[in-house]
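Structural overview
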Amino acid sequence: MKKFLLCALLLVASVGAKAQFEAGTKYLGISSTSLGLSYSTSERFRLNLEATAGYFVADKIMLKASVGYDHTRNIDDFSAGLGGRYYFIENGIFMGAGAEFVHFTPSSNDLMIPVEVGYAFYLNHYITIEPSVYYKMSIDSFSRKSTVGLKVGFGFYF
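Below you will find a few notes about this structure. Please read all numbers here as calculations on a predicted model, not as lab measurements.

The rules behind each value
- Residues numbered from 1 in each chain as written.
- Predicted model: local features only at pLDDT ≥ 70, side-chain atom pairs only at ≥ 80, totals over all residues.
- Heavy atoms only, no water.
- Helix = DSSP H or I, 4+ residues; strand = E, 2+ residues; numbered from the N terminus.
- Buried < 20%, exposed > 50% of the residue type's maximum accessible area, 1.4 Å probe, protein only.
- Core = buried A, V, L, I, M, F, W, Y, C linked by side-chain atoms within 4.5 Å.
- Contact = heavy atoms within 4.5 Å.
- Pairing = 2+ DSSP bridges.
- 1 Å grid on protein atoms, 1.4 Å probe; cavity = no way out; pocket = protein on both sides within 12 Å on 5 of 7 lines; lining within 4 Å.
- Points joined across faces, edges and corners; volume = space filled by probe spheres on them.
- Nonpolar A, V, L, I, M, F, W, Y, C, P; charged D, E, K, R; others polar.

1. Here's the deal with unusual backbone geometry
Apart from glycine, the bulk of residues carry a negative phi angle, and the bulk of peptide bonds sit in the trans form. At Lys60, a position not held by glycine, the phi torsion is positive, near 70°. Mapped onto the elements, Lys60 comes out in the loop between β3 (47–58) and β4 (61–71). For Lys60, a relative accessible area of 21% puts it in the partly exposed group.

Right, dumping it as structure tokens:
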């Protein structure tokens, strides 16, 4: 019975989500790695906030732009990036990639390549909770500045 209810719930969520991944849909989102859910060798834990705006140029394909703020005990970093997302079979599972310029507070800059895999879980027809796993590869210092983590966000599709 539990498996049946879970399958029914996933079916309803995927049917309701179908219309939101069509060309012309707009997206606004905010996400965080909050409370140390990110890890890198240079700084053990971070607090990150990121705002994203996107537009579906084709069914299941979204182009997006983002700005972010990253705080550790000693520094504050700022980032801006462009990228895209692809939503698989209109079920909410997505994969994203792009390029991100990061300004580190002690006066250094870096270009990072973020890759993420996540799920858009619909609370209603417009609002989602979007947990994802990400990896940001640093071009400047691969071993020291690259990060991997878990990101949780809220999205608004309209």
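2. Focus: the nonpolar core
Phe21, Tyr27, Phe56, Met62, Tyr87, Phe94, Ala120, Tyr122 and Tyr157 form the largest nonpolar core, which has nine residues in total. Not counting residues up to four positions away in its chain, the partners in contact with Tyr27 are Thr52, Ala53, Gly54, Met62, Arg85, Glu130, Phe154, Gly155, Phe156, Tyr157 and Phe158.

3. Focus on the pairing of β4
Only one face of β4 is covered, namely the one carrying Met62, Lys64, Ser66, Gly68 and Asp70; the face carrying Ile61, Leu63, Ala65, Val67, Tyr69 and His71 has none of its residues buried. By the bridge criterion, 11 bridges tie β3 to β4 in an arrangement that is antiparallel. When the sheet's bridge partners are listed, Thr52 is paired in β4 with Ser66. Between β3 and β4, which pair antiparallel and follow one another directly, the connecting turn spans two residues, one of which, Lys60, has a positive phi of 70°. As paired strands, β4 and strand β5 (residues 76–87) are joined by 11 bridges and run antiparallel to one another. From the neighbouring strand, Met62 faces β5, where its bridge partner is Arg85. Between β4 and β5, which pair antiparallel one after the other, the connecting turn spans four residues.

4. Considering empty space enclosed by the protein
Evaluated as defined, the whole model comprises three cavities of 30 Å³ or more. The computed volume of the largest cavity comes to approximately 170 Å³. As for the largest cavity, its lining consists of 19 residues, and the residues nearest its centre are Glu50, Lys64, Glu100, Pro114 and Glu116. Counting only elements with at least two residues in the lining of the largest cavity, the list comes to β4, β5, β6 (93–104), β7 (108–119) and β9 (127–138). If you tally residues by element for the lining of the largest cavity, the top one is β6, at five residues. For the lining of the largest cavity, the residue count by class is eight nonpolar, five polar and six charged. Of the voids in this model, the second largest cavity is the one considered here, and its volume is about 110 Å³.

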